[in-house]
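Structural characterization, general
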Amino acid sequence: LIILQDNWFREGAVNTHIGLCKYYNYISKFIALAGRNPGLQFIVRPHHSNHLWTEIFRKELDSLDNLAISCKDKLEDVFKRVDLTISYDSTVLLESLVHRIPVITLDMGEHKSYSLLWRYGLAKQASTFEEVEMELKKLIYDTHERDKAVKKIERNLHFLNYGDDGMASQRIAEELSKIVTH
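What you see is a predicted model, and the numbers here were worked out from it, not measured in a lab.

Attention now moves to a nonpolar patch on the surface. A surface patch of nonpolar side chains, about 320 Å² in accessible area, is lined by I172, L176 and I179. Mapped onto the elements, I179 comes out in helix 9 (residues 168-181). Of the residues examined, I179 reaches a relative accessible area of 61% and is grouped as exposed.

What follows is the structure in structure tokens.
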């Protein structure tokens, strides 16, 4: 199971200029990647519930049995089922690492915020969807590559001060809930 966050699918980017929009290309390439890998399950984890892009790509999305767009489950529960995270720019990368889930960062030149993850070997870097597909196949199907990635996470995560027991996001949510209710 592979989780993706939805910054590729931002509403503000999908507008009247959709034919020229880089996000249109990202969505198209992602749908093609999912279509070429029917044996893998993908989850797009939306940040909110209004998704114009799902209507624009309805025919393509409906043709895929291996793609779910959902934010129903708590993220902690989703992480229990996830083998890999692919992200464009999101804290889900760090949360995945805390859960010892390998990550792939898709950076097509817009973001360099992953440099620490790359420097410490905590993320596989990809600049095209073809590279994403190559890396995801390694991390899903090659147990040696996956084991190496998890060992790097375990060995180097402390460089980001996230070396905890994998329940950090749950504790943060509990603390925020206390603040909001008081």
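Formed by 25 residues in total, the largest nonpolar core has its most connected members in F30, I31, F42, L67, I104, V132 and L136. Elements that contribute at least two residues to this core include exactly helix 1 (22-36), strand 2 (42-45), strand 4 (84-87), strand 5 (103-106) and helix 7 (129-141). With six residues, helix 1 is the single largest residue contributor to this core. Once residues within four sequence positions are removed from consideration, V132 is found in contact with L33, I86, I104, L106 and A126. Of all hydrophobic cores here, the second largest spans ten residues; its members include L93, L117, L122 and L157.

As enumerated under the stated definition, the model contains seven salt bridges in all. Notably, a salt bridge pairs R36 with E133, separated by 2.6 Å at the nearest N-O pair. Placement of R36 in helix 1 and of E133 in helix 7 is noted, with a sequence separation of 97 residues between them. What makes R36 partly exposed here is its relative accessible area of 44%. Its salt-bridge partner being K138, residue E135 comes within 3.5 Å of it at the nearest N-O pair. Taken together, the positions of E135 and K138, both in helix 7 and three residues apart, correspond to about one turn of that helix. By relative accessible area, which is 31% here, K138 ends up partly exposed. What emerges from the salt-bridge pattern is a single network uniting R36, E133 and K137.

Rules of the game
Residues numbered from 1 in each chain as written. Predicted model: local features only at pLDDT ≥ 70, side-chain atom pairs only at ≥ 80, totals over all residues. Heavy atoms only, no water. Patch = residues over 30% accessible without salt bridge, like charges linked within 9 Å, V, L, I, M, F, W, Y side chains within 5 Å. Areas by Shrake-Rupley, 256 points an atom, 1.4 Å probe, with all protein chains shown as cover. Salt bridge = Lys/Arg side-chain N within 4 Å of Asp/Glu carboxyl O. Helix = DSSP H or I, 4+ residues; strand = E, 2+ residues; numbered from the N terminus. Buried < 20%, exposed > 50% of the residue type's maximum accessible area, 1.4 Å probe, protein only. Core = buried A, V, L, I, M, F, W, Y, C linked by side-chain atoms within 4.5 Å. Contact = heavy atoms within 4.5 Å.

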